[in-house]
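# Close look at the chain arrangement
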Amino acid sequence: MFKYGGITEKGLVLYGKALAGKKMIYTRMEYGNGELPGLADCSSEDELNAFILSIKAVQNKVADLTMYSATSKNKITTVVGNIIYESVQADFRPSELAVFAKIEGEEEFLIAYFTAITYFDGVKNDTTDYISKESLYGQDHRAFLNITTGNTPCIKVEYTGASYVTKEDFDSEVAFMQKFDFVVDSDLTLAEWAASSGEYK
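In short, a report on the structure. Position labels on residues start from 1 in each chain and follow its written sequence. Only residues with pLDDT of at least 70 get local features here, since the model is predicted, and only at 80 or more are side-chain atom pairs given and counted; chain-wide, interface and lining totals rely on the full set of residues. Only hydrogens and water are set aside when side-chain values are computed; all heavy atoms of the structure are taken into account.

### Some remarks on helix H2 (residues 45-52)
We count it as follows: The cut-offs for exposure are 20% and 50% of the maximum accessible area for each residue type, with area from a 1.4 Å probe on protein chains only; residues under the lower value are buried, those over the upper are exposed, and the others partly exposed. Under the DSSP-based scheme used, a helix requires at least four consecutive residues in state H or I and a strand at least two consecutive residues in state E, with every element numbered from the N terminus. In this description, the arc belongs to the directions extending from the helix axis to the C-beta atoms. Contacts are residue-level and defined by heavy atoms, with any inter-residue pair within 4.5 Å sufficient.
Taken residue by residue, H2 has Leu48, Phe51 and Ile52 as its buried positions. The buried residues of H2 occupy one face: seen down the axis, they fall within an arc of 95°. In this structure, the buried side of H2 is in contact with strand S1 (4-7), strand S6 (108-115) and strand S7 (117-118).

Written as structure tokens, this is what we have:
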């Protein structure tokens, strides 16, 4: 669905603070179905990444996602969000995904943005999927993404897909993960992540 994404300027600032030892907390995600002004002028991946730097909000929010988990292994952080059924008003085609985070005790910012619409080489490419509100009832829709950490200029993000699970299976899985401490708190510092080659528990 989302083939391209990048870190925003605020995201780079937050990651810089986190690498210096501050606690960074992934807070939530948003789906949007809009197209930001200026997107059509981005004819290459480099231009798109530069454009994403300045983004502060999605063009048209259609769903909220809570943060399910953020786990780290070998400097790759996997962040998972769950859609909030009550926030969905109608069927939609998500063309935007925004990720929010904050430094502990500070303001929340949009730190990463993904788009399903590109105009590389002047040709529009739309890879949005259709999601019906009815299909979400009694299930949890999860969005997955990876954030590769290292030095601040080396941070990159990748959307890796979405899946559906029933509410019953989801609750059971959460209980199991919490019982065995598999759910990793998202407020570990990036300095801790970068210093470890193992998986945090």
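So much for the structure itself; the text now carries on.
### Notes on the packing of aromatic side chains
Rules: Pairing of aromatic rings covers Phe, Tyr and Trp, the last through its six-membered ring, and needs centres within 6.5 Å; plane angles under 30 degrees mean stacked, over 60 mean edge-to-face, and all others mean tilted. By the criterion adopted, a ring carries a charge over it if an Arg CZ or a Lys NZ lies within 6 Å of its centre and within 35 degrees of its normal.
Enumeration according to the criterion identifies five aromatic pairs in this entry. Summarising the aromatic geometry, the rings of Tyr31 and Phe92 are spaced 6.1 Å apart at their centres and angled 50° between planes, so their arrangement reads as tilted. In this pair, Tyr31 is assigned in strand S2 (residues 24-32) and Phe92 in the loop between strand S4 (76-83) and strand S5 (96-103), connecting sequence segments 61 residues apart. Residue classification places Tyr31 among the buried positions, given a relative accessible area of 0%. Assessed through its relative accessible area of 3%, Phe92 is described here as buried. One aromatic cluster in this structure is built from Phe2, Tyr31, Phe92, Phe114 and Tyr159. If you follow Arg28 out to its NZ or CZ, it ends over the ring of Phe100, 3.9 Å from the centre.

### With respect to the layout of surface pockets
Where empty space is left can be seen by rolling a probe of water-molecule size over the atoms. Put simply, the test is: Using only the protein atoms, space was sampled on a 1 Å grid; points where a 1.4 Å probe fits but cannot get out form cavities, open sets with protein on both sides within 12 Å along at least five of seven lines form pockets, and lining residues are those with an atom within 4 Å of a point. Grid points are joined across faces, edges and corners, and a volume is the space filled by probe spheres set on the points.
Space inside the largest pocket adds up to approximately 370 Å³. Lining of the largest pocket is provided by 20 residues; of these, Gly5, Gly6, Asn49, Lys156 and Val157 occupy positions nearest its centre. Those elements giving two or more residues to the lining of the largest pocket turn out to be S1, H2 and strand S10 (156-166).

### Here we look at the nonpolar core
Let me state the cut-off plainly: Nonpolar cores were defined as sets of buried Ala, Val, Leu, Ile, Met, Phe, Trp, Tyr and Cys residues, with membership established by side-chain atoms within 4.5 Å.
Met24, Tyr26, Met29, Tyr31, Ile111 and Phe114 are the most contacted members of the largest nonpolar core, which totals 35 residues. Going through the elements one at a time, helix H1 (9-19), S2, strand S3 (61-73), S4, S5, S6, strand S9 (139-148) and S10 are the ones with two or more residues in this core. The leading source of residues in this core is S3, at five residues. Leu36, Leu39, Phe51 and Phe100 belong to the second largest nonpolar core, which has 15 residues in total.

### Structural notes on the pairing of S5
This is how the line gets drawn: Between any two strands, pairing holds if DSSP finds at least two bridges.
With seven of eight residues buried, S5 lies mostly within the body of the structure. Where S2 and S5 come together, eight bridges link them in antiparallel fashion. Residue pairing for S5: Tyr31 is matched across the bridge by Leu97. Bridging between S5 and S6 involves seven bridges; their strand directions are antiparallel. Looking across to S6, one finds that Val99 is bridged to Ala112.

### Remarks on the pattern of salt bridges
Formally: By definition, a salt bridge exists where a carboxyl oxygen of Asp or Glu is found within 4 Å of a side-chain nitrogen of Lys or Arg.
If you walk through the whole model with that rule in mind, you get six salt bridges. The shortest N-O distance in the salt bridge between Glu106 and Lys17 comes to 3.0 Å. On the criterion of sequence distance, the pair formed by Glu106 in the loop between S5 and S6 and Lys17 in helix H1 is long-range, its members being 89 residues apart. Shared partners join several salt bridges into a network, and the residues in it are Arg28, Glu30, Lys61, Asp64 and Glu108.

### Structural notes on the environment of Thr127
Put simply, the test is: Two N or O atoms form a polar contact when they lie within 3.5 Å of each other; inside protein one atom must be a possible hydrogen donor and the other a possible acceptor, and for residues adjacent in sequence the pair counts only when both atoms belong to side chains.
Mapped onto the elements, Thr127 comes out in the loop between strand S8 (125-126) and helix H3 (133-136). Thr127 sits in the buried class, given a relative accessible area of 19%. A sequence separation of 33 residues divides Thr127 from Pro94, and the C-alpha atoms of the two residues are 9.4 Å apart. Only 2.7 Å separates the side chain of Thr127 from the backbone oxygen of Met1, close enough to count as a polar contact.

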